[in-house]
Amino acid sequence: LLTLKAVRALQAADVILFDDLVSDSVLELARREAKRILVGKRAGRPSCKQSEINELIVKLAKAGRHVVRLKSGDPMIFARTGEEIAALQKAGIGYETVPGITTGIALASACGVSLTHREHAKSVRFVTGHSKNGGMPEDMDWNAIADPSTTTVFYMGARNAARIAERLIAKGMAED
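Position numbers for residues start from 1 in each chain and track the written sequence from start to end. Reporting in this predicted model follows two pLDDT cut-offs: at least 70 for local features of residues, and 80 or more for side-chain atom pairs to be given and counted; totals over whole chains, interfaces and linings ignore these cut-offs and use all residues. No hydrogens and no water enter the side-chain calculation; it runs on all heavy atoms of the structure.

### Brief notes about the environment of Ala-165
Heads up, the rule is: To qualify as a helix, a DSSP run of H or I must reach at least 4 residues; to qualify as a strand, a run of E must reach at least 2; elements of each kind are numbered from the N terminus. Only protein chains enter the accessibility calculation, which uses a 1.4 Å probe; a residue whose area is less than 20% of its type maximum is buried, one above 50% is exposed, and one in between is partly exposed.
Mapped onto the elements, Ala-165 comes out in helix H7 (residues 161-170). Of the residues examined, Ala-165 reaches a relative accessible area of 36% and is grouped as partly exposed. When the C-alpha atoms of Ala-165 and Arg-31 are compared, they prove to be 44 Å apart, with 134 residues separating the residues in sequence.

### Side note on helix H3 (residues 50-62)
This is how the line gets drawn: The span expected for a helix works out to 1.5 Å for each residue beyond the first. To obtain the arc, one takes the directions from the helix axis to the C-beta atoms. The contact criterion used throughout is that any non-hydrogen atoms of two residues lie within 4.5 Å.
The first and last C-alpha atoms of H3 sit 18 Å apart over 13 residues, in line with the 18 Å expected at 1.5 Å per residue. Of all the residues in H3, the buried ones are Gln-50, Ile-53, Asn-54, Ile-57, Val-58 and Leu-60. Down the axis of H3, the smallest arc covering the buried residues is 170 degrees, so these residues share one side. Opposite its buried face, H3 presents the exposed residues Glu-55, Lys-59 and Lys-62, each directed more than 90 degrees away. Considering only its buried residues, H3 is in contact with strand S1 (15-18), strand S3 (67-70) and helix H4 (81-90).

### What about the pattern of salt bridges?
Note the threshold: The salt bridge definition used is simple: a Lys or Arg side-chain nitrogen within 4 Å of an Asp or Glu carboxyl oxygen.
According to the stated counting rule, one finds seven salt bridges in the structure shown. Across the pair Asp-14 and Arg-31 runs a salt bridge whose closest N-O atoms are separated by 2.8 Å. In this pair, Asp-14 sits in the loop between helix H1 (4-12) and S1 while Arg-31 sits in the loop between helix H2 (24-27) and strand S2 (35-38), placing the two residues 17 residues apart along the sequence. When its relative accessible area of 28% is taken as the criterion, Arg-31 is described as partly exposed. Of the charged contacts in the structure, one is a salt bridge between Lys-71 and Glu-84, with a shortest N-O distance of 3.3 Å.

### Re the sheet that holds S3
As a reminder of what qualifies: When DSSP finds two or more bridges between two strands, those strands count as paired. The angle between two axes is taken between their N-to-C directions and runs from 0 to 180 degrees, where each axis is a line fitted to C-alpha atoms and a helix contributes only its stretch in contact.
Taking strand neighbours across the sheet as the criterion, the three strands line up as S2-S1-S3 in an open arrangement whose pairing is parallel. If you trace the sheet from one side to the other, it starts and ends with S2 and S3, each paired once. Taken over all neighbouring pairs, the strand axes of this sheet differ in orientation by 20 degrees on average, direction set aside. Note that S1 and S3 share four bridges and pair parallel. Bridge assignment links Ile-16 to a residue of S3, and that residue is Val-68. In the packing of H3 onto the sheet, contacts are made with S1, S2 and S3, and the angle to S3 comes to roughly 155 degrees.

### Section: the nonpolar core
Under the convention used in this document: Remark: nonpolar core denotes a set of buried residues (Ala, Val, Leu, Ile, Met, Phe, Trp, Tyr, Cys) joined through side-chain atoms within 4.5 Å.
Counting residues in each nonpolar core, the largest one holds eleven residues, listed as Leu-10, Ala-13, Ile-16, Phe-18, Val-22, Val-26, Leu-27, Ala-30, Ala-34, Val-68 and Leu-70. The contact partners of Phe-18, leaving out residues within four places of it in the chain, are Leu-27, Arg-36, Ile-37, Leu-38, Val-39, Gly-40, Arg-69 and Leu-70. Membership of the second largest hydrophobic core comes to ten residues, among which are Ile-53, Ile-57, Ala-87 and Leu-88.

These values are about where atoms sit, not about what they do.
Structure, rendered in structure tokens:
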């Protein structure tokens, strides 16, 4: 799912640095001449280091290239965009962030699940499913996360799903 603004950015790009989860059909929306560079990060697989991605963005921008950093979902939700923005700011390079379609909202919509059904949820919380080192996030308020009046969407939680479920059940959430 893309916004029209995102499509326009792809069509104006000289270079597209894209994540592993970006589909070929999305990349096909870019102009043919744009160089495409995979900079994806996947748990348990060889990946670019974030510092390398930051350096590449800065290097290409300084060379006068129109760079698009393409992420799957919303770049402001668990996407390390803040680190990339900091690198650009430090180098004195201007940027524009184009909002995306947040994966948690897109999935809920595809499944027909209202994240804020007024009879069930008063708020929505987006939570990381792993810590910086890939393990369980231990420094979170699990009592708050188990709040039954809040819909919680876990991102990147597949590896820790069983432990997340155990933790939530231990905090009083129903097993279903």
